[in-house]
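# Observations on chain architecture
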Protein chains: 2
Amino acid sequence: MSERINPDLQKERDAATFDVEELSVLLHNGAHELEKKRKLEELVRNDPDYKSLPFDFLSREAQYEEGVRRSTIAVAKKDQLDSLIENHGDLITYNTHVGRGRAGPFNLHTGMFIPTLVKQGSPEQVAKWLPLSEDYEIIGTYAQTEMGHGTFLRGLETTAHYDPHTQEFVLNSPTTTSIKWWPGALGKTSTHAVVLAQLYTLGKCHGIHAFVVQLRSLEDHKSLPGITVGDIGPKFGYGANDNGFLKLSNHRIPRENMLMKYSKVAPDGSYNKPPKSTLTYGTMTFVRAMIVRGSAQAIAQGATIAIRYSAVRRQSEMRPGEPEPQVLSYPTQQYKLFPLLCAAYAFHFVQVKMIEAYSEVTELVNKGDFSRTQELHALSSGLKAYTSAISNTGLEVCRTSCGGHGYSCASGFPALYTNFTPSVTYEGENTVLLLQCARYLVKCTRDLRSGAKLPGSVAYLSCGCDPSSIGKDFTNVKTLDSLYKQRALGLIRFASGKVDASMAGGMDLVGALNESSVHLVRAAVAHSHYFVVRNFFEKLSMLASTSQPLMEVLHQLSLFYALDGIAQHSGEFLEDGLLSGEDVKQIRQLTVDMLPRIRVNAVALVDSFEFGDDVLGSVLGRYDGNVYENLFKWAQNSPLNKTDVHPSYHKYLQPLLQRNKSKL
Amino acid sequence: MSERINPDLQKERDAATFDVEELSVLLHNGAHELEKKRKLEELVRNDPDYKSLPFDFLSREAQYEEGVRRSTIAVAKKDQLDSLIENHGDLITYNTHVGRGRAGPFNLHTGMFIPTLVKQGSPEQVAKWLPLSEDYEIIGTYAQTEMGHGTFLRGLETTAHYDPHTQEFVLNSPTTTSIKWWPGALGKTSTHAVVLAQLYTLGKCHGIHAFVVQLRSLEDHKSLPGITVGDIGPKFGYGANDNGFLKLSNHRIPRENMLMKYSKVAPDGSYNKPPKSTLTYGTMTFVRAMIVRGSAQAIAQGATIAIRYSAVRRQSEMRPGEPEPQVLSYPTQQYKLFPLLCAAYAFHFVQVKMIEAYSEVTELVNKGDFSRTQELHALSSGLKAYTSAISNTGLEVCRTSCGGHGYSCASGFPALYTNFTPSVTYEGENTVLLLQCARYLVKCTRDLRSGAKLPGSVAYLSCGCDPSSIGKDFTNVKTLDSLYKQRALGLIRFASGKVDASMAGGMDLVGALNESSVHLVRAAVAHSHYFVVRNFFEKLSMLASTSQPLMEVLHQLSLFYALDGIAQHSGEFLEDGLLSGEDVKQIRQLTVDMLPRIRVNAVALVDSFEFGDDVLGSVLGRYDGNVYENLFKWAQNSPLNKTDVHPSYHKYLQPLLQRNKSKL
C-alpha cells in the first residue's frame, strides 16, 4: 500500500457515517476470523516466492506453469501455516490468495477427488488412497462431464464392464461424445481421476458409478496405455487450469477401484444396491451454497473496483469553469452501481443463511431424517441460479461503468468476469436449476391441497392472495415483504395453474411442465428473489450488538435493494394489481432520492469487504486510488514493450513501408 | 465445408417454409452484392497465405505478429482484388475476412487517419500525405483518447504551443492523465498519428485541434526523440491490436503539420477560426451508424452459433426411453434465443435506415442545409447505445445458452464478445449518448410549445396521449405501433416534466437535466426502441417484390419482436394504463405460442445471414453441424498438447510427487 491516498478517495472515506472496522468484523464472521484472514493474506503478500508478473501478461502456457509453481509451493509451505489454518475455509482463503483468485491446478484434488474418496470409498479404499492423496504422492481430479453430457448425468456414456475372469473393470469411451471433457487439471496435472461411468456387470447396466482410474505413470508422468489425455484448449478464462479430455480404450482397472461404500460388485460380478443414496444431494447442495457465496464475493469485488474508481475518475465539466465532477457523483452512475452494491450485501447474508441451512439439514440427515432435503435442494438450486445470474450480468455493468479502462486487463474485470462466469452454467445450468426449483414449488402447491404443512422457505405458499391488504408505506419492511410475497405467490400460482390446465387436457406431468416452462422459470426467479429480500430484512433484525450508525446504513441498503427490485420488475407487481402505476412511480422516485444517502457511504461500504489489492488485481480499484501513474507502470510489463521496435517490423512492416524505395 | 451435414441440422433446413437464397439476397442488398461478398470470402478462404492456427491458440505477441502479417499480405494482394472491390465497403468485407473478424493493425490507418487527413487537411496537406498513406510509405493512427479523458473531448490535456520563432508547435503531455491511451496501432505499428491537442498561440488557448505527428523513424522504425510510445498491455480482447500510449515531451513539429482546412495558424502565430464546424458531427454520426451495423452483425453471428448448436445438441431425456430432445426444442431455450434472432433482423433493418438517413442528411449539409443534423445526431446516439447494449448482453445470453461449451474458445463466443463489447463504451459511452439523445427529446418537447414542426424521427412527439384509443388486437401492427409510441411519449413527457419542475424551482438547465438523468435515460431508451419497432414494420411494408412465404416469416419476426419487447418491459406499458394486467398476460402467452412457429425456420433464418465458417470461427456453429469430432480435433492444437508430459512436470510436479521417495 502506498503512503499517499488519492484525496478524492480519502474524502469519501472521511465522510462515511459508520465504522468500517465494525462492518468488516460483521462481514467476516467475527474479529477472530477477520484477524486470521488478514494474517493469511499478509503471509502470501510478503512471501517473495509468490512474487510474479500479473497472470494477464503471461501466455497460456506460462499461466499454467505459474499456476503449478504456486500450487506446489503452497503445498510445501503448508507446515508454516499450521497455526493459522483452523479449518478448510482457511485453507481456501490461503489458496485463493496464492492463486490470485484464479482456480489452481490442485483445486479439484482437494475439492472433489479427496471428498469423493472419503464419502464414497469403503474404509479399505479410504485407507489406501487418502494418505497418498493428502501427501500429494498422487494428484486426482473428478471426471464426470463428457463432451455430450453435462447437467444431465444419466446421459453419460462412458462404460465400465466388469470382467469376472480377471476381476477387472474394462473402461471405454465408446463414442466421441463420451470423451470426458472439461474436468479441471485432467489434461496435464493429474495422475489419477475419479471417473464416472455406466456400470455393466453380468450383462446388466446399473447406472452411473465412480471408479478410481490412474491416468499417468508415477515414475515419469507418461499417460498409461488405453488412456488418451490432454488439454481441451483455450477458454474464456481459467488459463492457469488444464481443463482436460480423457478417452478410454479398453482400459482395465482392478475391481477394488470402484468406490464401494454404497454400491458393491462382488468378485463374481454380482451387484449390490445401496439402501438409499441421498448423500449425493448433500454434496450438490453444498457446492451450490458455495456458488451462492462465490456470487456474493464476485459482485462485492466488482463493486469495490467500480465504486473506488468512480470516486477517483473525474469527467465532463457540467458548467464551464467548474471542476469536472467525480463520476460517482452522477445519478446515472449511482443508479448503475448502487443496486449491485446492495445486491452484494443481500447475497452476503443469503450465503450465510444457505450455509446455516445446509448444516441444519445435514445434521437431520445424519439422524436419518430426510424430510428437508427436497426443500434444501430446491432452495439451493433457485438461489444458485438467481444470485449467479445477477452477479454475472452485474460484473459486466461494473466493468462498463469504468468506461474504456474497464476493458483493459489492468481493471481486473476481464479476469474477474471470465473466472466467475462459468458459475451460470456449471454445477447445474441455471435454467435447468430454476426449473427444478419450480417443479418443487408446483409440487408444494399441490401438496397444500391435500393439507400438507410446508417447510420454512416455502411455508408462505399457504398464504392467501389479497393485494388490498398490502399497505402503502413503501419504506416499511412489512409492506415490502408482503409485496414480494404476493408477487411470488401470483407467479407460482399462475404457472401451477398452467400445468394443471395442461394435465386436465390430458397431458402427462413432464409434458405439462415443459409446456409451461417459460412461466415456471419466472416463478422460480420470483421465489428466489423473495427469499433474498426476506432474508436480508430478517438477518438485520437479528443483529443484536450492532451500533446504531451501522444499523442505519444496513437498513438503508436493504430498503434500497427491495425498492429497486420492484422498480426493475415493476411489471410483475402491476400485472396482478399489487401496485398502481402511481405507486411504482413513487417507488422509483424513492430509489432515486436515496442515491445521495447511499453515496455518502459507498466507498466505506466496499472497503468493508476488505479485498486486498493483490486479490483485486485491479489498478482501477487500488485501495490508495493512485490509478493513473500505476496504469502507466502496469503497461510497461507488456511483452510487446520488451523492445522499442518490435521484431515483426523487420519481417513485415519494413518490407511494406520501404517497398517503393527498394524499387528504385 | 464437409460433405456430410449433421442430420438434425439438415432436418431443420428441410423444414423451412421460405427460400434461404431469397432472404440472403434481401439481407445483402441484392444479388450482385451477395455474389461479390461470396467471391471475396472465397478468395480469402482459398488463399494459402491466410492459413494459420486460430488466433485463440496464439500468445498475445504471436497474435499481434499474425495480425501484422495478414494485414501486410492483404495490402500486397490489393491489385488482384481490383475487379472485385467496387467500394470501401467491399474492402472492409475483404479485410474483415483476412483478420478473421478481428480488428487488424491497419484499421485506424484506413478508417481514421486517412479520412481525417482528407476531411481536415488543406489541399497542400492532402497532396503531401495522402499518397504516402495510400501507398503505405507511412502508417497512421488517430490519437484522441487520453488516460484521463475519453468521451468528454474538451477535457483533453495534451498541449500544442506555437513557437513563432521557429514556426513550430511544441507538443507536450503535461500530466500523467494527458498521456494518449488506447488508440489502435499506436504502440508498435504506426509511424505517424493525428494527435488531438489544445492549441495555444500568442498566449491564448483555442481548444482542440488536430496535428500530424511523426512517431517513428522511416529508416529503422525507432521512436523519435520526445516521443515515448508503447503498448498499453493486455485487454479483454483485441490481442492482435497494439493499442498504445504516447507521451510527448517538448516534441516539435513544423507549423504545416496542424491540419488547416478550417482553423489556421499563420506563421506569426495569429489564429483564424473556422466559419462553421459541423462536419465533425457527420463523422461521429457515421461512426455510430457503423456501430449500429456492427451491433446487428454481432447479434446475428451470436444467434447463428447458438441456434445451429442448439439444433445439434441433444440433452436430457424427457421420458425414460425416449431419445433426448434437441436443446432447440425446449421452450426455455427458444425463449432465450428467438428474441435475439428477431433483434438481429430488427437491427439489420434499422442499420439500413441509419445509413440512408446519414446519406440524406449529408446531401443536405453539402447544400448548406443543417436543419436535420441535430435530429440525426440524437437518433444515431440513441440507436448506437440501444442496439449495442442489447447485442452486448445478447451475445452472453447466446454463449451461456450453449452451456459449458460456450465457455471454450472453440465456441467462437469469447472472441466475438470481447471484440464487440468495446462498442458500448467507445465512440461515446452509452449512458452519455442516451443523455444526449434525451436532451434533444426534451428540447423538442419545448420547441413544440412554441409551435415548431418536428422532423421525421421525432414528429410523433406532437401526438396526443390517449391510451383508450389503442385497440386490443395485439397482432395488429397499428396497435403495436401505438403502444410503443404512447410508452415513449409517456416516458419522454414524464422526464421533461421533471426537468421543467426542477427549473421552475430555480435550477439551471444543466442541473435539472442532471437531477432527472435516470428518467431521461429511460426516455431515450423507449424512444430508440420505438424507432426500431416502427422501422421494422415500415421496412417490411415497403418490400414490394418479396415472395409470400418469406413475407409471412418476416412479418412473424417483427410481430414477435414487438410483442416480446412489451412482455419484457411490461411495467412501462402498465404504469400509464396503456395495458391492463390481463392484456400483458395475453401478450406474453402470444409470444410463447409463437415460439414453435419461429422454431420451424430458426436455422434457415440464421443461415440467411451467411456467415462463413472462417468468420464465425466456431466449432459449435459450423455450417455442417459436425460439432463433436471437430471439438476434439480443435483441442489438439493446444500448446499444452505439444508433449504428453508437460515440461513443468519436471520442474514442479515431480519433486512434489516424489519427495517422499527421495527422503528414503
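Up top is the structure.
What this report covers is the structure whose coordinates are included nearby. Quick caveat, the model's predicted, so the values are computed rather than measured.

### A closer look at the packing of aromatic side chains
Here the distance between the centres and the angle between the planes together describe a pair of aromatic rings. Here the structure, examined in full by the defined rule, presents 43 aromatic pairs over all chains. Seen from their ring centres, Phe57(A) and Trp634(A) are 4.6 Å apart, and the 50° between their planes marks the pair as tilted. Taken together, the residues span a long stretch of sequence, with Phe57(A) in the loop between helix 3 (31-45) and helix 4 (60-76) and Trp634(A) in helix 21 (residues 627-635) at a distance of 577 residues. For the pair Phe57(A) and Trp634(A), one class covers both residues: buried. Consider the rings of Phe236(A) and Tyr417(B), whose centres lie 6.5 Å apart with planes at 85°: the pair is edge-to-face. Of this pair, Phe236(A) sits in the loop between strand 7 (227-231) and strand 8 (244-248) while Tyr417(B) sits in helix 12 (residues 413-420), placing the two residues on different chains. On the basis of relative accessible area, Tyr417(B) is assigned to the buried category, the value being 2%. A connected cluster of aromatic rings, assembled from ring pairs, spans Trp182(A), Phe236(A), Tyr238(A), Tyr407(A), Tyr417(A), Trp182(B), Phe236(B), Tyr238(B), Tyr407(B) and Tyr417(B). The ring of Tyr530(B) carries the charged tip of Arg534(B) above its face, separated from the ring centre by 4.7 Å.

### Quick word on helix 3 of chain A
Residue and element names in this part refer to chain A. Compared with an ideal rise of 1.5 Å per residue, which puts 15 residues at 21 Å, helix 3 spans 21 Å between its outermost C-alpha atoms and is within 8% of the ideal. All of the buried residues along helix 3 are Leu34, Lys36, Lys37, Leu40, Glu41 and Val44. One side of helix 3 carries all its buried residues, which in axial view fall inside an arc of 160°. Close packing links the buried residues of helix 3 with helix 2 (20-27), helix 5 (78-81) and helix 6 (88-98).

### Quick notes on unusual backbone geometry
Residue and element names in this part refer to chain A. Backbone geometry at Asn29 places phi at a positive 70°, although glycine is not the residue there. In this structure, His221 takes a positive phi of about 70° despite not being glycine. Residue position: His221 is located in the loop between strand 6 (204-214) and strand 7. Given a relative accessible area of 0%, His221 falls into the buried group.

### Digging into the pattern of salt bridges
One pass over the structure, following the stated rule, counts 91 salt bridges over all chains. Between Lys36(A) and Asp90(A) there is a salt bridge, with the nearest N and O atoms lying 2.8 Å from each other. A residue pair is termed long-range when its members are at least 10 positions apart, and Lys36(A) in helix 3 and Asp90(A) in helix 6 qualify at 54 residues. The partner of Arg13(B) in a salt bridge is Asp607(B), with the nearest N and O atoms 2.6 Å apart. Here the residue Arg13(B) occupies a position in helix 1 (residues 7-15), and Asp607(B) occupies one in helix 19 (residues 581-607), the gap between them amounting to 594 residues. Asp607(B) carries the same exposure label as Arg13(B), and that label is buried.

### Observations concerning the interface of chain A and chain B
Counting residues at the interface gives 134 residues for chain A and 134 residues for chain B. Roughly 11,500 Å² is buried in total at the junction of chain A and chain B, and carbon and sulfur atoms are behind 60% of that figure. Scanning the region where chain A abuts chain B turns up 16 salt bridges. Glu429(A) is paired through a salt bridge with Lys336(B); the nearest N and O atoms lie 3.3 Å apart. Our count for the contact surface shared by chain A and chain B stands at 68 residue pairs in polar contact (both at pLDDT 80 or more). Across the side of chain A that touches chain B, the residue classes tally to 50 nonpolar, 45 polar and 39 charged.

### Overview of the pairing of strand 3 (residues 168-172) of chain A
Residue and element names in this part refer to chain A. In terms of residue burial, strand 3 counts as a mostly covered element, since 4 of its 5 residues are buried. Pairing analysis gives 5 bridges linking strand 2 (residues 159-163) to strand 3, with the strands arranged antiparallel. Residue pairing in the sheet places His161 in a bridge with Val170 of strand 3. Linking two consecutive strands that pair antiparallel, namely strand 2 and strand 3, is a turn of 4 residues; a positive phi of about 55° is found at Gln167 within it.

### A few points about the relation of the copies chain A and chain B
With an RMSD of 0.0 Å, chain A superimposes on chain B once it is rotated by 180° and translated 0.0 Å along the axis. Read as a symmetry element, the transformation amounts to a two-fold axis. Distance from the rotation axis, computed per C-alpha, reaches its smallest value in chain A at Gly571(A): 1.8 Å. A shared interface surface links the copies, since 100% of the contact residues of chain A are contact residues in chain B too.

### Some details on the sheet that holds strand 8 of chain A
Residues and elements named next belong to chain A. Spatially, the 3 strands line up as an open sheet ordered 4-8-7, and their pairing is antiparallel. Of all the strands in the sheet, just strand 4 (180-181) and strand 7 have a single pairing partner and so form its edges. As judged from the 2 bridges shared by strand 4 and strand 8, these two strands associate in the antiparallel manner. Across the sheet, Trp181 pairs through a bridge with Phe245, a residue of strand 8.

### Quick look at the nonpolar core
By size, the foremost hydrophobic cluster in this structure holds 280 residues, and its most contacted members are Tyr345(A) and Tyr345(B). Apart from the residues lying within four places of it in its own chain, the contact partners of Tyr345(B) are Leu23(B), Leu27(B), Phe536(B), Leu554(B), Leu557(B), Leu605(B), Ser608(B) and Phe609(B).

### Re the sheet that holds strand 7 (residues 227-231) of chain B
Residue and element names in this part refer to chain B. Ordered by their spatial adjacency, 3 strands build an open sheet running 4-8-7, and the pairing between neighbours is antiparallel. Two strands lie at the open edges of the sheet, namely strand 4 (180-181) and strand 7, each paired on one side alone. Here 5 bridges tie strand 7 to strand 8 (residues 244-248), and the two strands are oriented antiparallel to one another. When the bridges of strand 8 are listed, Asp231 appears paired with Gly244.

Reading the values: rules and limits
- Residues numbered from 1 in each chain as written.
- Chains lettered and ligands numbered in written order.
- Predicted model: local features only at pLDDT ≥ 70, side-chain atom pairs only at ≥ 80, totals over all residues.
- Heavy atoms only, no water.
- Phe/Tyr/Trp six-rings, centres within 6.5 Å; stacked < 30°, edge-to-face > 60°.
- Helix = DSSP H or I, 4+ residues; strand = E, 2+ residues; numbered from the N terminus.
- Buried < 20%, exposed > 50% of the residue type's maximum accessible area, 1.4 Å probe, protein only.
- Lys NZ or Arg CZ within 6 Å of the ring centre and 35° of its normal.
- Expected span 1.5 Å × (residues − 1).
- Arc of directions from axis to C-beta.
- Contact = heavy atoms within 4.5 Å.
- Salt bridge = Lys/Arg side-chain N within 4 Å of Asp/Glu carboxyl O.
- Buried area = accessible area lost by both parts, 1.4 Å probe.
- Polar contact = N/O pair within 3.5 Å; in protein donor to acceptor, adjacent residues only side chain to side chain.
- Nonpolar A, V, L, I, M, F, W, Y, C, P; charged D, E, K, R; others polar.
- Pairing = 2+ DSSP bridges.
- Least-squares fit on C-alpha atoms with pLDDT ≥ 70 in both.
- Core = buried A, V, L, I, M, F, W, Y, C linked by side-chain atoms within 4.5 Å.

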